[in-house]
Amino acid sequence: RTLLCKIKDALKQSCLKTDELDKIALTTGPGSFTGIKIGIATAKGLAFKNNIPCSAVSSLEALADGVKLFEGTIFAVMDARRGQLYNAVFEASAGILRRLTPDRQIKADELTAQIKGKALAVGDGAAILARKCAENGLDIMLAPPRLSMIHAESVAQLALGGAGTDTEPDKLTASYLRLPQAERQRLGLSD
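Okay, so let's go over this structure. (Residues numbered from 1 in each chain as written. Predicted model: local features only at pLDDT ≥ 70, side-chain atom pairs only at ≥ 80, totals over all residues. Heavy atoms only, no water.)

### What about the pattern of salt bridges?
Move 1: Taken as a whole, this structure holds seven salt bridges when the rule is applied.
Move 2: Between R81 and D79 there is a salt bridge, and its shortest N-O distance comes to 2.7 Å.
Move 3: The shortest N-O distance in the salt bridge between E135 and K132 comes to 3.7 Å. Note that E135 and K132 are positioned in helix α5 (residues 126-135) at a spacing of three residues, about one turn of the helix.
Move 4: The class for K132 is partly exposed, based on a relative accessible area of 24%.
Move 5: A network of salt bridges, in which partner residues are shared, links E61, R99 and D103. (Salt bridge = Lys/Arg side-chain N within 4 Å of Asp/Glu carboxyl O. Helix = DSSP H or I, 4+ residues; strand = E, 2+ residues; numbered from the N terminus. Buried < 20%, exposed > 50% of the residue type's maximum accessible area, 1.4 Å probe, protein only.)

### Regarding the layout of surface pockets
Move 1: There is about 1,500 Å³ of room inside the largest pocket.
Move 2: Considering every element that reaches the lining of the largest pocket, the biggest residue donor is helix α2 (residues 33-50), with nine residues.
Move 3: Within the lining of the largest pocket, the residues separate by chemical class into 26 nonpolar, eleven polar and nine charged. (1 Å grid on protein atoms, 1.4 Å probe; cavity = no way out; pocket = protein on both sides within 12 Å on 5 of 7 lines; lining within 4 Å. Points joined across faces, edges and corners; volume = space filled by probe spheres on them. Nonpolar A, V, L, I, M, F, W, Y, C, P; charged D, E, K, R; others polar.)

### Focus on the pairing of strand β5 (residues 96-99)
Move 1: Where strand β4 (residues 84-93) lies against β5, four bridges are found, and the strand directions are antiparallel. Paired with S93 across the two strands is I96, which belongs to β5.
Move 2: Where β4 hands over to β5, the hairpin turn is made up of two residues, of which A94 adopts a positive phi near 55 degrees. (Pairing = 2+ DSSP bridges.)

### Quick look at the side chain of T112
Move 1: With respect to the secondary-structure elements, T112 resides in helix α4 (residues 108-112).
Move 2: Its relative accessible area of 5% is what places T112 among the buried residues.
Move 3: Side-chain polar atoms of T112 contact the backbone oxygen of D109, separated by 2.7 Å.
Move 4: Other than its neighbours up to four places away in sequence, T112 contacts L129, K132, C133, N136 and L138. (Polar contact = N/O pair within 3.5 Å; in protein donor to acceptor, adjacent residues only side chain to side chain. Contact = heavy atoms within 4.5 Å.)

### So, unusual backbone geometry
Move 1: In this model, G29 is joined to P30 through a cis peptide bond whose omega is 0 degrees.
Move 2: Positive phi, close to 70 degrees, is recorded for R81, a residue that is not glycine.
Move 3: Inspection of the secondary structure puts R81 in strand β3 (residues 72-81).
Move 4: The backbone of A94 shows a phi angle near 55 degrees, a positive value even though the residue is not glycine.
Move 5: Examined against the element boundaries, A94 turns out to sit in the loop between β4 and β5.

The following block contains the structure:
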């Protein structure tokens, strides 16, 4: 209901029109199936109408970018439900992120085995990971709640810095990491 209104407001505050944009940067997952679909459809609509290229950015990398001034290992984690986390691990030093793993779906217990040294968890799955760490006698710091959300500034900086995948709007696809529940049920797959 509010996405297009927010885009219109942001353009107005920037004194820009949609056809003046050089690129549309967006996260394409992992994350909420519905949220990702709405974001991609909106970006495609704006891009097609005005012939604007797009840049697809990982939701997990955008989370990690928001805490890149931390010195150590960053565990970007999102609650994937059903005992699973979406995760990617990064090393941060001097404000520069280095990716250590691809985006993946993993059980919290499996992820705790990878925690060594100074580590920070960021994202809506951070508290889940912290509880599993506590159960296993491990310590992990939690990013403040305001930093555990994806911020547009991080998405834009990643896209401009080359961390996004530049593509034509018709080639934008979601990175779900797992099939939607209805599809899993249709195929007889378990979680």
